Amino acid sequence: TGPTNQQTGDDSLIYTNSAMVDGLTVMLNYKPSESGASDSTTGYGVAFSGIEGLNIGAAQEDNNTTANATVENTVFYATYATEMGLSVGIQVNESDSQTANSDTDFEAWGVSYQINEDIAVSYGSSKVEFESGASKSDQEADAIGISWTNGSMSITASRHDIQNVAGAATDD
């Protein structure tokens, strides 16, 4: 997810401005402290799409919805699509928690290619790294896909492989 998916809910203030600079969107959010929470939740993000085919973004949030367990979330992403049918994307997230052994890092990338107007292929990979003291194995996922489209009809096939789902070494 990009910076548009920040902490929201009842009593949240969300500000979005895409008129300052062509192709630049700025987002801010504020959620006041609730009963049992240690502080307010605040976040900000920027997204840029001012170059044809390129989208980049970054966001940061201090999520204080649980008392004494602030989670600092950070996300960066970039996608690029060419006129030749090639698209690539990458995303990196980091979640740093005050709660022991709760930090996670996420990395994902994908590439797709439109071979012709009817056939497309894609490949993607992701990895979730859990904090070392969490006694969890890193989750790794890969997927490959192909599709054929003719008018409104499509035939698709994909193969997915996920190792250590949610950090469980025995769950593949």
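Anything mentioned here points back to the structure above.
Residues numbered from 1 in each chain as written. Predicted model: local features only at pLDDT ≥ 70, side-chain atom pairs only at ≥ 80, totals over all residues. Heavy atoms only, no water.

**Some thoughts on the overall build of the protein**
No. 1: Of the regular secondary structure elements, the protein holds zero helices and ten strands.
No. 2: Walking the protein from its N terminus toward its C terminus, one meets helices and strands in the order β-β-β-β-β-β-β-β-β-β.
No. 3: Here the protein holds 172 residues, and the buried ones make up 24% of them.
No. 4: Relative to all contacts within the protein whose residues are 6 or more apart in sequence, the contacts with residues 24 or more apart total 33%.
No. 5: Carbon and sulfur atoms make up 53% of the accessible area of the protein, which amounts to about 10,700 Å² in all. (Helix = DSSP H or I, 4+ residues; strand = E, 2+ residues; numbered from the N terminus. Buried < 20%, exposed > 50% of the residue type's maximum accessible area, 1.4 Å probe, protein only. Contact = heavy atoms within 4.5 Å. Areas by Shrake-Rupley, 256 points an atom, 1.4 Å probe, with all protein chains shown as cover.)

**Some remarks on unusual backbone geometry**
No. 1: Unusually for a residue other than glycine, N101 sits at a positive phi of about 60°.
No. 2: Looking at where N101 falls in the secondary structure, it is placed in the loop between β6 (86–97) and β7 (104–114).
No. 3: In this structure N101 comes out as partly exposed when scored by relative accessible area, which is 36%.

**Overview of the pairing of strand β4 (residues 54–63)**
No. 1: Note: strand β3 (residues 41–51) against β4, eight bridges, orientation antiparallel. When the bridges of β4 are listed, G45 appears paired with A59.
No. 2: What sits between β3 and β4 in their antiparallel hairpin is a turn of two residues, with G53 showing a positive phi close to 90°.
No. 3: Where β4 lies against strand β5 (residues 71–81), ten bridges are found, and the strand directions are antiparallel. Bridge pairing in β5 places A58 opposite F76. (Pairing = 2+ DSSP bridges.)

**Re the pairing of strand β9 (residues 139–150)**
No. 1: Relative to β9, strand β8 (residues 119–130) runs antiparallel, the two being bridged by ten bridges. Across the sheet, residue V121 finds its bridge partner in β9, namely I146.
No. 2: Strand direction decides the pairing type here: β9 and strand β10 (residues 153–163), joined by eleven bridges, are antiparallel. Bridge pairing in β10 links A143 to H160.
No. 3: Counted between consecutive antiparallel strands, the loop separating β9 from β10 contains two residues, among which G151 sits at a positive phi close to 65°.

**Focus on the pattern of salt bridges**
No. 1: Per the counting criterion, the structure on display carries one salt bridge.
No. 2: In this structure, K127 engages E129 in a salt bridge whose closest nitrogen and oxygen atoms are separated by 3.5 Å. (Salt bridge = Lys/Arg side-chain N within 4 Å of Asp/Glu carboxyl O.)

**A few points about the packing of aromatic side chains**
No. 1: In the structure shown here, the tally under the stated rule is one aromatic pair.
No. 2: Note on W109 and Y123: the rings are 5.4 Å apart at their centroids and 50° apart in plane angle, and the pair reads as tilted. You can see W109 sitting in strand β7 and its partner Y123 sitting in strand β8, a full 14 residues away along the chain.
No. 3: When its relative accessible area of 31% is taken as the criterion, Y123 is described as partly exposed. (Phe/Tyr/Trp six-rings, centres within 6.5 Å; stacked < 30°, edge-to-face > 60°.)

**Examining the sheet that holds β6**
Working definition: the strands of a sheet are paired by backbone hydrogen bonds and lie parallel or antiparallel to each other.
No. 1: Taken together, ten strands build an open sheet; the order of strands is β1-β2-β3-β4-β5-β6-β7-β8-β9-β10 and the sheet is antiparallel. Two strands bound the open sheet, and with one partner strand each, they are β1 (13–21) and β10. Shown here is a sheet whose adjacent strand axes are inclined to one another by a mean of 10°, direction ignored. (Axes fitted to C-alpha atoms, helices over the stretch in contact; angles between N-to-C directions.)

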